[in-house]
Amino acid sequence: AGVVEAVRVSRVGYPQRYSHSQFISRYRTLGMRELKKAAKAKTKVKPIAVLVDAIAKQMALPDSKVSADEKKSKTHNKVDLLAIGVQVGKTKVFLRRRAFDIIEKMRKDFMVSAARKVQAVARGYIQYRTFHEYCEANIQLQC
């Protein structure tokens, strides 16, 4: 019973834990632009650090009451990861319940948006093909 209690207590603080590779594979879509910039940069930065910073900035953006001038400025201000509920260890990323819920909502919204874009292109193609079939049939009727 002591081991189970110790596990329960440790899970209360940061219940969601991902290895770096799992975190990157699951949430890379949320920080793809920053990951590409970091890969092209001359200084080498760990991809997990870039991804966590990008996600943390997205999480902090709606919460903070930052003026439009400060948002437009290109200063790279660090977001307080502890306040957001994210910790990066040597091999794992730890998320508090609230941070996990926010990140999952961001991921779900991104996936829904991507699915809508794919559906729009597919429906557009189907309509395009149907229109051209009607045009060909119309030309055959007129001849």
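Residues numbered from 1 in each chain as written. Predicted model: local features only at pLDDT ≥ 70, side-chain atom pairs only at ≥ 80, totals over all residues. Heavy atoms only, no water.

**As for the pattern of salt bridges**
Link 1 in the chain: Applying the stated rule across the entire model yields three salt bridges.
Link 2 in the chain: Across the pair Glu104 and Arg26 runs a salt bridge, and its minimum N-O distance is 3.0 Å. Taken together, the residues span a long stretch of sequence, with Glu104 in helix 7 (residues 97-142) and Arg26 in helix 2 (residues 20-27) at a distance of 78 residues.
Link 3 in the chain: Classification of Arg26 as partly exposed rests on a relative accessible area of 30%.
Link 4 in the chain: For Lys105, the salt bridge identified is with Asp109, shortest N-O distance 2.9 Å. (Salt bridge = Lys/Arg side-chain N within 4 Å of Asp/Glu carboxyl O. Helix = DSSP H or I, 4+ residues; strand = E, 2+ residues; numbered from the N terminus. Buried < 20%, exposed > 50% of the residue type's maximum accessible area, 1.4 Å probe, protein only.)

**Details of the packing of aromatic side chains**
Link 1 in the chain: Inspection of the entire model under this criterion finds four aromatic pairs.
Link 2 in the chain: Both rings, one in Tyr18 and one in Tyr27, keep their centres 5.9 Å apart while their planes meet at 85°; by these two values the pair is edge-to-face.
Link 3 in the chain: Judged by its relative accessible area of 13%, Tyr18 falls in the buried class.
Link 4 in the chain: For Tyr27, a relative accessible area of 0% puts it in the buried group.
Link 5 in the chain: Clustering of aromatic rings is evident, with ring pairs tying together Tyr18, Phe23 and Tyr27. (Phe/Tyr/Trp six-rings, centres within 6.5 Å; stacked < 30°, edge-to-face > 60°.)

**Re the nonpolar core**
Link 1 in the chain: Ranked by size, the top nonpolar core spans 22 residues in total, and within it Phe23, Tyr27, Ile55, Met59, Val86, Leu95 and Ile103 carry the most contacts.
Link 2 in the chain: Looking at this core, the elements with two or more residues in it are helix 2, helix 3 (32-40), helix 4 (47-63), strand 3 (92-95) and helix 7.
Link 3 in the chain: By residue number, the principal contributor to this core is helix 4, which donates eight residues.
Link 4 in the chain: Among residues more than four places away in sequence, those in contact with Tyr27 are Tyr18, Leu51, Ile55, Phe100, Ile103, Glu104 and Arg107. (Core = buried A, V, L, I, M, F, W, Y, C linked by side-chain atoms within 4.5 Å. Contact = heavy atoms within 4.5 Å.)

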